[in-house]
Amino acid sequence: VQRGVEELFLVGPETLRAAEGASEAGLAERSIKREDSFERLADMLLRTLSKGDWLLIKGSRSNKLDIIAGMLAEKTKQAAR
C-alpha cells in the first residue's frame, strides 16, 4: 500500500495470511483477490490488467509461479491471433 500497490492477486489456500496482512496494512478488501488455481488466477489477471499496467509475480521457485507467467504469455498470444 505504501508503495502504490492497487490490487493484490494471490493463489492457493496458504495465502490467507498474506491477504490478512495486506488488509491490515490498509489495502481495501475489494482489492485483494484470491484464487485456488493457477488457471483461474491467470484468467482473472487477463480480465483485470490493462495496457500500461505493471504486474509483479513474486514467490519462491517451489511455489511454481512461473506457471502463471507462462499462462499469461500463452493466453496473450492466443488473444492476439
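Undergrad: Go over the overall build of the protein, please, and point to the residues and values.
TA: Helices and strands together make up the secondary structure of the protein, namely three helices and two strands. Each principal axis of the C-alpha atoms in the protein carries an extent, and together these give about 40 × 30 × 20 Å. The 81 residues of the protein split such that 22% are buried. Partitioning the intrachain contacts of the protein with sequence separation of at least 6 by distance along the chain shows that 55% fall at a separation of at least 24. With an accessible surface of roughly 6200 Å², the protein has 52% of that area assigned to carbon and sulfur atoms. In the protein, which carries 14 positive and 13 negative side-chain charges, the distance between the mean positions of the two groups comes to 5 Å.

Undergrad: Mind laying out the pattern of salt bridges, listing which residues take part and the relevant values?
TA: All chains considered together, the criterion is met by five salt bridges. Glu 7 serves as the salt-bridge partner of Lys 33, at 2.4 Å between the closest nitrogen and oxygen. With a gap of 26 residues between them, Lys 33 in strand β2 (residues 32–35) and Glu 7 in the segment before β1 (8–11) connect regions that are remote in the sequence. When salt bridges that share partners are traced, they join Arg 17, Glu 20 and Glu 24 into one network.

Undergrad: How would you explain the environment of Glu 7 if you had to name every residue and give the values?
TA: By relative accessible area, Glu 7 is classed as partly exposed at 35%. For Glu 7 and Gly 21, which are 14 residues apart along the polypeptide, the C-alpha to C-alpha distance reads 13 Å. If near-sequence neighbours (up to four positions away) are discounted, Glu 7 is found in contact with Ser 31, Lys 33 and Thr 48. Engagement of the side chain of Glu 7 in a polar contact is seen with the side chain of Lys 33, the distance being 2.4 Å.

Undergrad: Let's hear about helix α2 (residues 38–48): which residues, and what values?
TA: Of the residues making up α2, those classed as buried are Leu 41, Ala 42, Met 44 and Leu 45. Down the axis of α2, the sector holding all buried residues measures 165°, keeping them to one side.

Undergrad: Can you explain the nonpolar core? Please cite residues and give values.
TA: As a rule of thumb, nonpolar side chains are buried together in soluble globular proteins. Membership of the largest hydrophobic core is limited to nine residues, which are Phe 9, Val 11, Leu 41, Ala 42, Met 44, Leu 45, Leu 65, Ile 68 and Leu 72. Once residues within four sequence positions are removed from consideration, Ala 42 is found in contact with Ile 68, Met 71, Leu 72 and Lys 75. The next biggest cluster of nonpolar side chains, apart from the first, holds five residues, and it includes Leu 10, Ala 22, Leu 27 and Ile 32.

Reading the values: rules and limits
Residues numbered from 1 in each chain as written. Predicted model: local features only at pLDDT ≥ 70, side-chain atom pairs only at ≥ 80, totals over all residues. Heavy atoms only, no water. Helix = DSSP H or I, 4+ residues; strand = E, 2+ residues; numbered from the N terminus. Buried < 20%, exposed > 50% of the residue type's maximum accessible area, 1.4 Å probe, protein only. Contact = heavy atoms within 4.5 Å. Areas by Shrake-Rupley, 256 points an atom, 1.4 Å probe, with all protein chains shown as cover. Lys, Arg positive; Asp, Glu negative; His and termini not counted. Charge placed at Lys NZ, Arg CZ, Asp CG, Glu CD. Salt bridge = Lys/Arg side-chain N within 4 Å of Asp/Glu carboxyl O. Polar contact = N/O pair within 3.5 Å; in protein donor to acceptor, adjacent residues only side chain to side chain. Arc of directions from axis to C-beta. Core = buried A, V, L, I, M, F, W, Y, C linked by side-chain atoms within 4.5 Å.

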